[in-house]
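The chain contents come next:
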Amino acid sequence: MIRSFRALLVRDLKLAARVGGSGVMGLIFFLMIVTLIPFALGPDLNLLSRIGPAILWIAALLATLIGLDRLFQADQEDGSLDLLRLSHAPLEVVVLAKVVAYWLVTGLPLAVAAPFLGLLVALSPEGMLAMVATLLVGTPALTFIGAVGAALTASLRRGGLILAILVLPFMIPTLIFGVSAANAALGGTIPFATPFLILIALSLIAAVVGTVGAAAALRSGE
Amino acid sequence: MRLSVNNLACERGERRIFAGVSFTLRAGEALVITGRNGAGKSSLLEILAGRLRPAAGVILLEEAGERTLAECLHYVGHRDALKAALTAEENLAFARDFLGSPAMTPSEALEAVGLAHAARLPVAYLSAGQRRRVALARLLVAHRPVWLLDEPTSALDTASQDILRLLLERHREGGGMIAATTHSPLFLADAKEIRIERRPTRLEGEPEEESA
């Protein structure tokens, strides 16, 4: 089971790194949104640093979403999904390997890049640190929730939009607690730990529900 | 090991494709599935591979220990299940690690299907026949007793067809089972054959057919 997990993880990481892979796409999309917003808002540094965490979180959410429709669809199209069904490991392990690989090439780079992009929205050093921490524990929730949608729309030709409509409502709690944790670190009435712990809880719940849900969706889908 | 299929029926899009398909496969036996285009040959294999769910009927795998049918089979369908961005060797290495019970190494398997020279090429650069051979090489990298092959000879030249026939024979001698759809007769020596017929549309007033 560990062997299958590792084989699939390595394969997906390799694919992301090759030409046409989704490796840097999310990161570039993230960068585009975060660079555009200061231009649109104008040079008001106070305003920017106040809404900075929100901008970064929305950008991270959209960047996670943008490549998600290919998560299972690519395997569905070339028949690999049939091969993945033949493993000794249950389909949940297959889903887990794919989601972990996806997070490593989209979620993790976003969290690592957050301090640099924080400069663009005039975040304080504490704010940058809080952004890295919240994105690090919050983006797994986004990926796992998205995986259910990706599994449901795997056999649809243009499933990207339906996927977004399906999963966005479920991503809102993560967004709320992610932004409020980042804001709490910048000063405020609530301690940082309160929303941060809820964010961790959301990620853990999403990890279980997302894995089981996506596997169930793949089983029932033709 | 014995695979028995009893009264299998298939429905797609609320339409009955076939019904009442039964056969038994023992170790070393081969089954050739024939029928017209659209008769449901591929659907039958997809049901066995766990991709489609049967509308009725039972699939039983006996004397296989604790393994499920999915863990005992190789499936090579119309789509080659190869990643175009990876090389032939990487594709096979993944299958070997992922499927478990490894047999040949990827380079040995590619050699066996006559593709040793293309091992380092991304699959995207290979021709249809070459891709098909890489997909068939997957049969050799992991040991699985049941092989499900959907039109295995399509896109293959005569030399490759001979290699394939040899591989299939060797698999049967080793106690393996093969179920293959094909349009070319005499593809497998002394194989059982079932012909799948598209069911005629039921006339009005006819009694409802029993569903097992």
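Use the structure listed above.
Residues numbered from 1 in each chain as written. Chains lettered and ligands numbered in written order. Predicted model: local features only at pLDDT ≥ 70, side-chain atom pairs only at ≥ 80, totals over all residues.

S.K.: Explain the sheet that holds strand β2 (residues 15-26) of chain B to me, please; I cannot follow it from the model alone.
M.R.: Sheet strands line up and pair through hydrogen bonds in the backbone, either parallel or antiparallel. Residue and element names in this part refer to chain B. With respect to topology, three strands assemble into an open sheet ordered β2-β1-β4, the strand pairing being antiparallel. Of all strands in the sheet, those with a lone pairing partner are β2 and β4 (56-62), marking the two edges. For this sheet, the mean inter-axis angle between neighbouring strands, taken without regard to orientation, is 15°. Of the strand pairs in this sheet, strand β1 (residues 2-12) and β4 are connected by six bridges, and their pairing is antiparallel. Each residue of the ladder has a partner; that of Ala9, found in β4, is Ala56. Set on the sheet, helix α1 (residues 41-48) makes contact with β1, β2 and β4; between it and β1 the angle comes to about 120°. (Pairing = 2+ DSSP bridges. Helix = DSSP H or I, 4+ residues; strand = E, 2+ residues; numbered from the N terminus. Axes fitted to C-alpha atoms, helices over the stretch in contact; angles between N-to-C directions. Contact = placed C-beta atoms within 7 Å.)

S.K.: Is there a simple way to explain the nonpolar core in this structure?
M.R.: For soluble globular proteins, the rule of thumb is that nonpolar side chains tend to be buried together. Grouped together as the largest cluster of nonpolar side chains are 131 residues, with contacts concentrated most on Leu56(A), Ala151(A), Ala137(B), Leu148(B) and Ile178(B). At 14 residues, helix α8 (residues 125-152) of chain A tops the list of elements feeding residues into this core. The contact partners of Ala137(B), leaving out residues within four places of it in the chain, are Leu92(B), Ala109(B), Leu110(B), Ala112(B), Val113(B) and Leu115(B). (Core = buried A, V, L, I, M, F, W, Y, C linked by C-beta atoms within 7 Å. Buried ≥ 20, exposed ≤ 12 C-beta atoms within 10 Å, placed from the backbone.)

S.K.: It is not clear to me how the interface of chain B and chain A should be interpreted in this structure. Could you clarify?
M.R.: Many descriptions give the size of an interface as the accessible area lost when the pieces come together. Each side of the interface is counted separately: chain B has 23 residues, and chain A has 21 residues. Those elements that provide at least two residues to the side of chain B that touches chain A are α2 (69-72), β5 (73-76) and α3 (88-99) of chain B. Examining the composition of the side of chain B that touches chain A, we find that six residues originate from one element, α3(B), more than from any other. Looking at side-chain class alone, the side of chain B that touches chain A contains 13 nonpolar, three polar and seven charged residues. (Nonpolar A, V, L, I, M, F, W, Y, C, P; charged D, E, K, R; others polar.)

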